[in-house]
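Take a look at the letters that make up each chain.
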Amino acid sequence: MLRICHVCNGHTVDDGRVFHRACCTLAKAGYEVHLLAEGSGSTAYQEQGVILHPLPKAESRWRRYARSARVAQLAADLKPDLFHVHEPDLIGPVIARAGSRPVVFDVHETYLDQLQGSAWIPKLVKPLVLLAWDQWEQRCVRRCAAVVVTTKLQGLRYSPLNNNVRLIANYPDLQWNEELPPIERDGVTCVFAGVLRPDRGISQMLQALACLKSRGLSVPLALAGIPLSDQYLTSLWDEAKQLGVSEQVVYHGVLSKKEALFFQHRASIGLIADLPDSVFRTMLPTKLVECMSLGLPVVCSDLPVNREIGGESGAAIMVNPTKPEEIADAIESLVRDPVTAHKMGEAGKGAVRDRFNWQVESTKLLDLYHQVIGAPQRVGTRN
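Residues numbered from 1 in each chain as written. Predicted model: local features only at pLDDT ≥ 70, side-chain atom pairs only at ≥ 80, totals over all residues. Heavy atoms only, no water.

(A) Highlighting the overall build of the chain. What the chain contains, in helices and strands, is 16 helices and 14 strands. Here the chain has a C-alpha radius of gyration of 21 Å; the compact-globule value for 383 residues is 21 Å, and the two agree. Principal axes of the C-alpha set define a box for the chain whose edges measure 65 × 50 × 40 Å. The 383 residues of the chain split such that 56% are buried. Counting contacts in the chain only where the partners sit at least 6 residues apart, residues at least 24 apart contribute 69% of the total. Split by element, the accessible area of the chain, about 16900 Å² in all, is 53% carbon and sulfur. For the chain, the separation between the mean place of its 42 positive charges and that of its 41 negative charges on side chains is 6 Å. (Helix = DSSP H or I, 4+ residues; strand = E, 2+ residues; numbered from the N terminus. Rg over C-alpha atoms; globule rule 2.2 N^0.38 Å. Buried < 20%, exposed > 50% of the residue type's maximum accessible area, 1.4 Å probe, protein only. Contact = heavy atoms within 4.5 Å. Areas by Shrake-Rupley, 256 points an atom, 1.4 Å probe, with all protein chains shown as cover. Lys, Arg positive; Asp, Glu negative; His and termini not counted. Charge placed at Lys NZ, Arg CZ, Asp CG, Glu CD.)

Rendered as structure tokens:
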């Protein structure tokens, strides 16, 4: 049986794209799939046909980078026929240990753009860091058997560097949606489920609630996800109190992928207020498509990928996320016109059902694997 290893350094064993979509799809197809990712415990175990090798949580970015070589060696020790790398700091270490075996680089976010917007790199040395990473990544990408991108804009960077770039979007798996119970929505509750950090526009959402409150409209906001830090979470509550909207905001903690889907299903309006930095201009907002799949109208940042998916399908209202009053205007229009809100939700659900779903994208992933290492043979697990 062909053995493959998905290698992560910061993603968790419950990650939607890595585990629930890619790994589970490949395991069902007959590959022997191993996943190294952050999780609880210290011994390998199997779930949904995937063999999980949990790594301890890296307490900082630097500790994560420092262990990249060790994680790559753990992957090499499994002796896979193919390595599938999900983080940029792992490309070099994995390639160094792969020998003649193929390496697939999965670009979740264009790391050069991420570095460009990083506040942790001193401005004085940032140009040198960007140049060094650009040159290093180009060398590594040329040695990969394939590069997987999630948007066309990401493909513009990698297509000149590798002749086997595949667009496999991170769209939701609709199987879970079939388990969702019927629900009666209140028509006003907004929701955001994802990493809570400043560039996600959480502060701008709070300011929009305050703007709506000044107009006599009290709109609840349900939040869930991993906060950037406890200090950042505290700062959000302090801001909500100062704005007079603390009673409208409820934080539901960190949820599993399935719990997050059910959580969003209970709301009425999806909020995606990613700030227009270089990363979000090229990144696929998974939460946008998830909300659309649930039939929620969405208020989202006017960015190219959002516009292509949410705007053109009629499921979203595009706003400037740096202007809370625009966010407030969009929310108010949906609350005061439930008929239009319902039509937008249905348009989004139809677009996801027909185009923006993992069932469509999974065939592209399997085609890539068949081309690189061949179709699996179900003859049992290798030692």
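(B) Spotlight on the pairing of strand 10 (residues 221-224). Judged by which residues are buried, strand 10 turns out to be covered on both faces: L221 and L223 on one side and A222 and A224 on the other are all buried. The pairing of strand 9 (residues 190-193) with strand 10 spans four bridges and is parallel. Its bridge partner lying in strand 10, C190 is registered against L221. Traced from strand 9 through helix 8 (residues 202-214) to strand 10, the parallel crossover comes out right-handed. Across three bridges, strand 10 lies against strand 11 (residues 249-251) in parallel orientation. When the bridges of strand 11 are listed, A222 appears paired with V250. In this fold, strand 10 hands off to helix 9 (residues 230-243), which returns the chain to strand 11; that crossover is right-handed. (Pairing = 2+ DSSP bridges. Right-handed = clockwise from strand over helix to strand, strands pointing away.)

(C) Just the nonpolar core, in detail. The biggest cluster of nonpolar side chains holds 33 residues, and the ones touching the most others in it are I202, L221, I269, L271, V299 and I331. Of all the elements in the fold, those that place two or more residues in this core are strand 9, helix 8, strand 10, helix 9, strand 12 (269-272), helix 14 (324-336) and helix 15 (338-354). At seven residues, helix 8 tops the list of elements feeding residues into this core. Those residues within four positions of L271 in sequence are excluded, and the remaining contacts are C190, V191, F192, M205, L221, V299 and I331. A169, V298, V305 and A351 belong to the second largest nonpolar core, which has 28 residues in total. (Core = buried A, V, L, I, M, F, W, Y, C linked by side-chain atoms within 4.5 Å.)

(D) Structural context of the sheet that holds strand 3 (residues 45-47). Ordered in space as 3-4-2-1-5-6-7-8, the eight strands form an open sheet in which the pairing is mixed. In this open sheet, the two edge strands, each paired with only one partner strand, are strand 3 and strand 8 (165-167). Neighbour to neighbour, the strand axes of the sheet diverge by 25 degrees on average, direction disregarded. Both strand 1 (residues 3-12) and strand 2 (residues 32-38) contribute to a ladder of six bridges, which runs parallel. By the bridge assignment for strand 2, R3 is matched with E32. Set on the sheet, helix 16 (residues 358-372) makes contact with strand 1, strand 5 (82-85), strand 6 (103-107), strand 7 (146-149) and strand 8; between it and strand 8 the angle comes to about 160 degrees. (Axes fitted to C-alpha atoms, helices over the stretch in contact; angles between N-to-C directions.)

(E) The arrangement of the pattern of salt bridges in detail. Under the defined criterion, the tally for this structure stands at 18 salt bridges. For R67, the salt bridge identified is with E38, shortest N-O distance 3.1 Å. Of the two residues, R67 sits in the loop between helix 2 (61-66) and helix 3 (68-77) while E38 sits in strand 2, which places them 29 residues apart along the sequence. The same class applies to R67 and to E38, which are both buried. A salt bridge links D302 to R307; its shortest N-O distance comes to 2.7 Å. (Salt bridge = Lys/Arg side-chain N within 4 Å of Asp/Glu carboxyl O.)

(F) Seen up close, a nonpolar patch on the surface. On the surface, a nonpolar cluster with roughly 270 Å² of combined accessible area is contributed by L124, V125 and V129. Relative to the assigned elements, V129 resides in helix 6 (residues 126-142). Residue V129 is classed as partly exposed on the basis of its relative accessible area, which comes to 31%. (Patch = residues over 30% accessible without salt bridge, like charges linked within 9 Å, V, L, I, M, F, W, Y side chains within 5 Å.)

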